[in-house]
Amino acid sequence: MQFGVISPIHQRAKAYIDKIPPVAKGETNTTCFKMAGSLSAIDHHGERLTPAEVTEYVTAYNAKCQEPMPPERLAKAIQSGMTNGTQPAAKLADVSFQMPQPEPRDFEYLTRAKTATPDTDGMIPVELFTQAPGILSELYQHLCASCFYELPEPFFAACLSLMAVITGRKISGRNDLRTNLYCLSIAPTGSGKEHARKTVDLLLREAGGSSLIGCEDIGSAPGIWSMLQEQPACLMQLDEFGRMLATMTQGQQSHKTEIPTDLLKIYTSSARVEISGRAYANRDNTPRINFPHLVINGTTTSAALWDSIQTQQVHDGLLGRCQIFEQRRYAELSKNAAVLDGSTVPLPPELVDRVRFWIEYQPPSNKPLAAMYPKPTELDYEPAAWDRWTSHSANISKRLNSEDSIAAAIWTRSAEKAHKLAIIAAAACKSFTVRAEHMNWAIALQNALTRKMTRRIEDNVADSRCEKQKKWILQKLTDGPISKAQLTRRTQKIGARERNELLTDLIEAKQVQYSKVESKTGGKPTEYFNRI
């Protein structure tokens, strides 16, 4: 039976039957009884053969035996075998499995020497960081000049977080849009993620913004409300955020399961005069906050974050409001001699002064309670800048209905997030007008972030173990065709039979291409897998 016609579970059934030769007289009944039980036990990710399919296979085998049983006796043996003779699926682990026949394609190029090509690994173009407006690029360049390991995306997440908090409750865009952000900085463990956190903390303190520095851990939802009552605008730099997210969403600690809901409410309420937390028996204990401006920069590793995310969380809205900056590989050691000598690179005084301007800035107001109910300065817009944003927003809206549900859930927030970035870009230049260049830069960065975030969610987020393992295998195939031996080494935590089953499913779904390259010395051909 050719590949493409027979399903994986039937391939396994046929492979099992082919290993059992026709038996002599007197053994047919026992063999058919055992065969019916074994076939019923074959489990392919929850799929099993139907009684009719088991009967068809055993009947065909019975006909090959020296003394075939009559239909009545055979039917009883099959029924008894399926009921009483079923073996645990684990006992069938020695059943041989045949990979599908390769497609007739020319894969000879796989044996040739590869030409070296730059591996961007899906990174955001670094020009969007180095050429960012004002304070953003200045702080980014300082982070790169003072680090042991350069992490472009996590570094820039820290830059945005700084600008977001120092402009909190002080400026707004049209429709009263505020600059609060939730950023996630992802990098391998031990790669130097703490450098950006320490630098931002030091910069805020030197510029007189110590009151903007929030807590570094979240103990409970009420704890967030208590902090915001004292610090309505603050930056929380949270380490090990992936593990924290897992405890919030997977019910590992019941007092943390309310945190994601509260974070979403706080994010969407930054322009509200007053929001309140959960009601208590004593209403005086119910927290109330005016114009909450919470900024988060959470650092984590790739595995810790993506292992804690499920599809429902993508649709719920919190993840779609986050800006995710991910560096997937370790960076090379810095060539900066001053850093390698152990010297501390001081903060540029000009940078400290520019940050201090926004920390000390107070919006003009005639209200006697301006400190409690601040009215932010609304930025002006160049006509070209606003036209660019409205056109961008309209284009996204047109595409949403043609996207799958996950992509739509991410893209639906992209225009608003680009608008926030444009406001931050103007402020980074100490400008109270959003110009066309600010909007163009913001849309370019946001489009790159959204596309990358969509790809990473598609590659990593799954609700079932089987789906997660398939996506894990696909990740191992991202750098071009690799041999079966290489793939086996990369996926050693999956057993041989299960790996073959998963690969077969991926090949049938046209997500993976399978081919063979004949040996020039007459030896065994090499099998290759390539992500389509």
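Residues numbered from 1 in each chain as written. Predicted model: local features only at pLDDT ≥ 70, side-chain atom pairs only at ≥ 80, totals over all residues. Heavy atoms only, no water.

1. Things to note about the pairing of strand β3 (residues 233–238)
Here is step 1: Burial within β3 is extensive, with 6 of its 6 residues counted as buried.
Here is step 2: Burial of the side chains of β3 extends over both faces: Ala233, Leu235 and Gln237 are buried on one face and Cys234, Met236 and Leu238 on the other.
Here is step 3: Direction of pairing for β3 relative to strand β6 (residues 293–300): parallel, over a ladder of 6 bridges. Counterpart to Cys234 in the pairing with β6 is Leu294. (Buried < 20%, exposed > 50% of the residue type's maximum accessible area, 1.4 Å probe, protein only. Helix = DSSP H or I, 4+ residues; strand = E, 2+ residues; numbered from the N terminus. Pairing = 2+ DSSP bridges.)

2. What about the packing of aromatic side chains?
Here is step 1: Scanning the model with the defined rule gives 13 aromatic pairs in all.
Here is step 2: Members of the aromatic cluster, each reached through a chain of ring pairs, are Phe129, Tyr140, Phe156 and Trp441.
Here is step 3: Arg174 extends its terminal NZ or CZ atom over the ring of Trp386, reaching a point 4.6 Å from the ring centre.
Here is step 4: Sitting above the plane of the Trp411 ring, Arg399 keeps its charged end 5.6 Å from the centroid. (Phe/Tyr/Trp six-rings, centres within 6.5 Å; stacked < 30°, edge-to-face > 60°. Lys NZ or Arg CZ within 6 Å of the ring centre and 35° of its normal.)

3. Concerning the sheet that holds strand β11 (residues 482–483)
Here is step 1: Pairing is antiparallel in the open sheet, where 3 strands are placed in the order β11-β13-β12. Whereas interior strands pair on both sides, the edge strands pair on one side only; in this sheet they are β11 and β12 (512–517).

4. As for the pairing of β12
Along any regular strand the residues' side chains alternate between the sheet's two faces.
Here is step 1: Where burial is concerned, most of β12 is hidden: 5 out of the 6 residues are buried.
Here is step 2: Strand direction decides the pairing type here: β12 and strand β13 (residues 526–531), joined by 6 bridges, are antiparallel. When the bridges of β13 are listed, Val512 appears paired with Arg531.

5. Some thoughts on helix α9 (residues 221–230)
Here is step 1: All buried positions along α9 are accounted for by Ala221, Ile224, Trp225, Met227 and Leu228. Buried residues in α9, looked at end-on, bunch into an arc of 160°, giving them a common side.
Here is step 2: In this structure, the buried side of α9 is in contact with β3, α11 (259–268), β4 (275–276), β5 (288–289) and β6. (Arc of directions from axis to C-beta. Contact = heavy atoms within 4.5 Å.)

6. Concerning unusual backbone geometry
Here is step 1: Non-glycine residue Asp176 carries a positive phi angle of around 60°.
Here is step 2: Here Asp176 lies in the loop between β1 (171–172) and β2 (182–186).
Here is step 3: You will see that Glu240, though not glycine, has its phi angle at about 55°, which is positive.
Here is step 4: Mapped onto the elements, Glu240 comes out in the loop between β3 and α10 (241–249).

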